[in-house]
Amino acid sequence: MSAEIVVPAALRAMPRWWHAGTEWLDTLPALAAEQCRRWGLRVDGAVMHGSNALVIPVARGGERLVLRLAPSAAEVAQQVAALRFWAGRGTVRVLDADPARGAMLLERLDGPSLREVPVREAMVELGRVMRRLAVPVPPDVPSTGSRVRDVVAEWRRQGEPFDAGWLRAAHRAAPSLRRPAADLAVDADLHSEQVLRGREGEWLAVDPVLLRGDIEYDLARVLWTRLDEMGDADVAGHFFAVVDAAGLDERRAWGWVLYRSVDYWLWGLDQGLTEDPQRCQRLVSIMQHMPLR
């Protein structure tokens with residue numbers, strides 16, 4: 001290891017650490033040094049981060065790679081399993097992993113993320129990634145239907161934090177969403193910042209979460225993560241851009257967007273978030289009145 005790692009202040013400020021504390025962050029420089037020693041790596045670039053992981057450009061011999069460190073061994077094990085399942089088909093490749101230490105060694109993707117691409121183009125590319133990832137998957141992979149909870153019960157548990165009218169469409173959609181209409185692989189953490197340009201100019205997903213079922217599952221996240229760049233009148237066009245690029249069922253996609261937006265709205269309120277719940281409310285408001293084709 002050729003350089004000491006400094007944990008970025010922006011990583012420390014992420015919501016993940018509001019409740020979990022920063023003990024793991026304080027150990028990161030030593031963890032990085034030890035993992036570089038174990039895998040024979042040297043740091044050769046500025047560190048990057050997501051919401052809960054540190055990404056360090058490294059080199060080993062002539063290979064340019066990245067070392068990713070995250071706090072949860074269980075989550076890292078799940079991500080490693082997902083990356084090994086897709087094996088580079090629409091995703092970054094994993095070369096080595098040590099889940100107990102929260103470490104993954106990945107191919108380096110030097111291109112930009114879809115966050116740096118205009119919204120309409122990004123929507124089309126995200127739809128294409130959705131479809132590319134939608135391959136047959138083993139039956140023991142958790143179902144998208146298993147992620148559907150009783151949003152009304154959660155709303156009541158939180159003391160009815162907003163008008164009940166916002167719940168109706170999501171509550172009506174939930175029973176059918178519990179029974180997936182497909183049985184294909186789904187990335188349950190797909191959005192513009194999680195897709196980077198990589199080998200041969202291909203857009204590749206990083207940090208995927210593997211589920212089985214409806215490809216439409218994470219369309220809400222695709223939209224709400226870029227919603228600040230959309231006018232209300234633009235949302236339908238972006239919704240249909242993803243639907244068409246991925247070959248989705250538009251009515252099922254509409255139901256998933258409504259359900260997931262309400263569900264994440266409630267989760268965000270429970271976590272003390274401020275901006276994401278507002279985005280979800282806005283998206284639900286638009287989608288409730290959006291005509292399908």
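For clarity, every value in this text was computed on a predicted model and none was experimentally measured. (Residues numbered from 1 in each chain as written. Predicted model: local features only at pLDDT ≥ 70, side-chain atom pairs only at ≥ 80, totals over all residues. Heavy atoms only, no water.)

### Regarding the side chain of Ser143
- As for its position among the elements, Ser143 is in the loop between helix H5 (119-133) and helix H6 (151-157).
- Accessibility expressed as a relative area gives 14% for Ser143, which makes it buried.
- A distance of 2.9 Å separates a polar side-chain atom of Ser143 from the backbone nitrogen of Gly145.
- Those residues in contact with Ser143 that sit more than four places away from it in its chain are Pro180 and Arg212. (Helix = DSSP H or I, 4+ residues; strand = E, 2+ residues; numbered from the N terminus. Buried < 20%, exposed > 50% of the residue type's maximum accessible area, 1.4 Å probe, protein only. Polar contact = N/O pair within 3.5 Å; in protein donor to acceptor, adjacent residues only side chain to side chain. Contact = heavy atoms within 4.5 Å.)

### Observations concerning the packing of aromatic side chains
- In the structure shown here, the tally under the stated rule is 8 aromatic pairs.
- When the centroid spacing of 3.9 Å and the interplanar angle of 20° are considered together, the rings of Phe162 and Trp265 count as stacked. Here Phe162 is found in the loop between H6 and helix H7 (168-177), whereas its partner Trp265 is found in helix H10 (residues 250-271), with 103 residues between them in sequence.
- Using a relative accessible area of 4% as the deciding quantity, one classes Trp265 as buried.
- Taken together, the ring pairs in this structure connect Phe162, Trp166 and Trp265 into an aromatic cluster. (Phe/Tyr/Trp six-rings, centres within 6.5 Å; stacked < 30°, edge-to-face > 60°.)

### A few points about the nonpolar core
- Among the nonpolar cores identified, the biggest contains 69 residues, and Met123, Met130, Leu219, Phe239, Leu248 and Met287 are the most heavily contacted of them.
- In this structure Leu219 touches Met130, Phe239, Val242, Val243, Leu248, Ala253 and Val257, once residues within four positions along its chain are discounted.
- One finds Val7, Trp24, Trp39 and Leu67 within the second-largest nonpolar core, a separate group that totals 20 residues. (Core = buried A, V, L, I, M, F, W, Y, C linked by side-chain atoms within 4.5 Å.)

### Quick word on the pairing of strand E4 (residues 63-69)
- Among the 7 residues that make up E4, 5 are buried, leaving the element largely enclosed by the rest of the structure.
- Bridge count between strand E3 (residues 54-60) and E4: 7 bridges; the pairing is antiparallel. Note on E4: the bridge partner recorded for Leu54 is Leu69.
- The hairpin turn running from E3 into E4, its antiparallel successor, is 2 residues long, and Gly61 in that turn takes a positive phi close to 65°.
- As judged from the 5 bridges shared by E4 and strand E6 (residues 103-107), these two strands associate in the antiparallel manner. Residue Val66 lies in a different strand from E6, and its bridge partner there is Leu106. (Pairing = 2+ DSSP bridges.)

### A few points about the side chain of Gln194
- Summarising the element assignment, Gln194 is placed in the loop between strand E7 (184-187) and strand E8 (195-197).
- Setting aside residues no more than four positions away along its own chain, Gln194 makes contact with Asp189, Leu204, Ala205, Val206 and Asp207.

### Structural notes on helix H9 (residues 235-246)
- Across its 12 residues, H9 extends 17 Å between first and last C-alpha, which sits within 8% of the 16 Å expected from 1.5 Å per residue.
- Every buried residue of H9 is listed here: Val235, His238, Phe239, Phe240, Ala241, Val242, Val243 and Ala246.
- Looking at the buried positions of H9, the neighbouring elements they touch are H5, helix H8 (219-224), H10 and helix H11 (275-288).
- The positive-phi residue at the C-terminal boundary of H9 is Gly247, with phi of around 65°. (Expected span 1.5 Å × (residues − 1).)

### Description of the pattern of salt bridges
- Under the counting rule described, the total for this entry stands at 29 salt bridges.
- Notably, a salt bridge pairs Arg64 with Asp110, separated by 2.6 Å at the nearest N-O pair. Of this pair, Arg64 sits in strand E4 while Asp110 sits in the loop between E6 and H5, and the two are 46 residues apart along the sequence.
- With its nearest N and O atoms 2.8 Å apart, the salt bridge here joins Arg157 to Glu154. In this pair, Arg157 and Glu154 both sit in helix H6, 3 residues apart, roughly one turn of the helix.
- On the accessibility criterion, Arg157 (51% relative accessible area) is exposed.
- A relative accessible area of 10% places Glu154 in the buried class.
- What you see here is one network of salt bridges that share partners, running through Arg149, Glu154, Arg157, Asp263 and Asp270. (Salt bridge = Lys/Arg side-chain N within 4 Å of Asp/Glu carboxyl O.)

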